[in-house]
Amino acid sequence: MDFFTRKRSSASSAKERLRLVLIHDRTDLTPEEMEALKDDLLKTIARHIEIDPETIQIGLEKDGREQRLVADIPLRGNARRRTG
Amino acid sequence: MTAQVITVTSGKGGVGKTTAVANLANALAMDGKRVVCIDGDIGLRNLDVVMGLENRIVYDLVDVIEGRCKLKQAMIRDKRYPELYLIPAAQTRDKNAVSPSDMVRICNDLRPDADFVIIDSPAGIERGFRNSIAAADRVLVVTNPEVSAVRDADRVVGILEAEEKGSPALILNRLNPALVKNNDMLSAEDVLDLLGIQLIGIVPEDETVIIGSNRGAPVAADGKSRAGQAFRNIAKRLQGQDVPFMDLEPQGGLWSALQKITGRK
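Here is what the cut-offs are and how they apply
- Residues numbered from 1 in each chain as written.
- Chains lettered and ligands numbered in written order.
- Predicted model: local features only at pLDDT ≥ 70, side-chain atom pairs only at ≥ 80, totals over all residues.
- Helix = DSSP H or I, 4+ residues; strand = E, 2+ residues; numbered from the N terminus.
- Buried ≥ 20, exposed ≤ 12 C-beta atoms within 10 Å, placed from the backbone.
- Core = buried A, V, L, I, M, F, W, Y, C linked by C-beta atoms within 7 Å.
- Contact = placed C-beta atoms within 7 Å.
- Nonpolar A, V, L, I, M, F, W, Y, C, P; charged D, E, K, R; others polar.
- Axes fitted to C-alpha atoms, helices over the stretch in contact; angles between N-to-C directions.
- Parallel < 35°, antiparallel > 145°, perpendicular 65-115°, else oblique.
- Left-handed = near helix turned anticlockwise from the far one by under 90°.
- Pairing = 2+ DSSP bridges.

A. Representation of the environment of E35 of chain A. Residue and element names in this part refer to chain A. Checked against the element boundaries, E35 lands in helix α2 (residues 31-48). Its 11 C-beta neighbours within 10 Å are what place E35 among the exposed residues. C-alpha separation for the pair E35 and G59, spaced 24 residues apart in sequence, amounts to 9.5 Å.

Here it is in structure tokens:
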């Protein structure tokens, strides 16, 4: 690393790639299925409340050996009320 | 007294399961324990050569199951340790010759007269693997710090959990400390974080392991071998002792010499 300017260490690239592949192996969900799930969730939520699709984050996260689907959905209405 | 049945498995092949079994068995025998190893890889017998017992085989696991011999007749006594035995895999028979209930029955027959029964599972997640875990009280998963091996290990851990075998313990084999230091190999912390299971030992990459296999004399008995030391430590942990993990800082060799030259050490 002192002699060459490396893009990124190969170990961290291995870890990041494994992290993603293990999440999908464990949940048995392909990236395409995950995208479809996100779309459906957004459509359903948008029918009830006003949301900004750009600000939404939905993804699988690992907690030890457990996987969870985590969604962070800021509400437009709230933001407007707070800022008056 | 009744034996603890320990199954060593991996998912991916070639990560060092058989070497681990031979070394742990030798290390436990060195501590005065009565140990029986079972080669669970029907059709691909290997543990016998790694233990140096290939010329002593008369009967095998399938002979016991099919009633051609008594259990004791298929137990090959080790050359060095009189209380260490191997039950070899059958070499040419079909894999369906063994069932999970056969393995449970054999292990139950072995339990009263042994301290440890160690089963060498075949790679994969099929019949031989299922047989090998059927009787296990405890499962050890062997992996290398490589993407393919870690991925397959995770698959096996998932199956063990689904089968309610409890959470297995990890043996991280062939870790190269110099590569880890250079950020070119997954570290033990990385692998543990990814797999989410407990660690029972880290075995450094060590050429004495191959030399030991060549001779049919596992390195656990070699006081100078770092891998041998790592396996002896795991054997102590299996006996319930609290042994600190080895310091695996790179030492000696080209890496260290280079560091000295460049003034980094």
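B. Spatial organisation of the nonpolar core. All names here are of chain B. If you look at the biggest cluster of nonpolar residues, it comprises 84 residues, and the most contacted ones within it are L24, A25, V35, V36, V117 and I118. With eight residues, helix α1 (residues 17-30) is the single largest residue contributor to this core. Those residues in contact with V36, other than ones at most four positions away along the chain, are M75, Y85, I87, L110, A114 and V117.

C. Summary view of the interface of chain A and chain B. Contact with chain A, which involves 15 residues of that partner, is made by 14 residues of chain B. Its residues assigned to classes, the side of chain A that touches chain B comprises five nonpolar, four polar and six charged.

D. Representation of the packing of α1 of chain B against helix α10 (residues 226-238) of chain B in the model. All names here are of chain B. Remark: α1 packs on α10, axes separated minimally by 8 Å, with the N-to-C direction vectors making an angle of 65°. When the interaxial angle is binned, α1 and α10 end up roughly perpendicular. Once α1 is placed against α10, the crossing between them reads as right-handed. Judged by residue contacts, N23, L24, A27 and L28 of α1 engage F231, R232, I234, A235 and L238 from α10. Classifying every residue of the contact of α1 with α10 by side-chain character gives seven nonpolar, one polar and one charged.

E. Region of interest: the pairing of strand β1 (residues 57-63) of chain A. Residues and elements named next belong to chain A. With zero of its seven residues buried, β1 lies for the most part at the surface. Here β1 runs beside strand β2 (residues 66-72); their pairing, made up of seven bridges, is antiparallel. By the bridge assignment for β2, K62 is matched with Q67. From the end of β1 to the start of β2, which pair antiparallel, there are two residues, and G64 there has a positive phi angle of about 65°.

F. Expanded view of the environment of E249 of chain B. Along the chain, E249 of chain B falls in the loop between α10 and α11 (253-261). C-alpha separation for the pair E249 of chain B and A135 of chain B, spaced 114 residues apart in sequence, amounts to 38 Å.

G. Highlighting the packing of helix α6 (residues 147-162) of chain B against helix α8 (residues 188-195) of chain B. All names here are of chain B. Remark: α6 packs on α8, axes separated minimally by 10 Å, with the N-to-C direction vectors making an angle of 40°. Relative to α8, α6 is oriented so that their crossing is right-handed. Every residue of α8 that contacts α6 at V150, A153, D154 and V157 is listed here: V191, L194 and L195. Tallied by class, residues from the contact of α6 with α8 come to six nonpolar, no polar and one charged.

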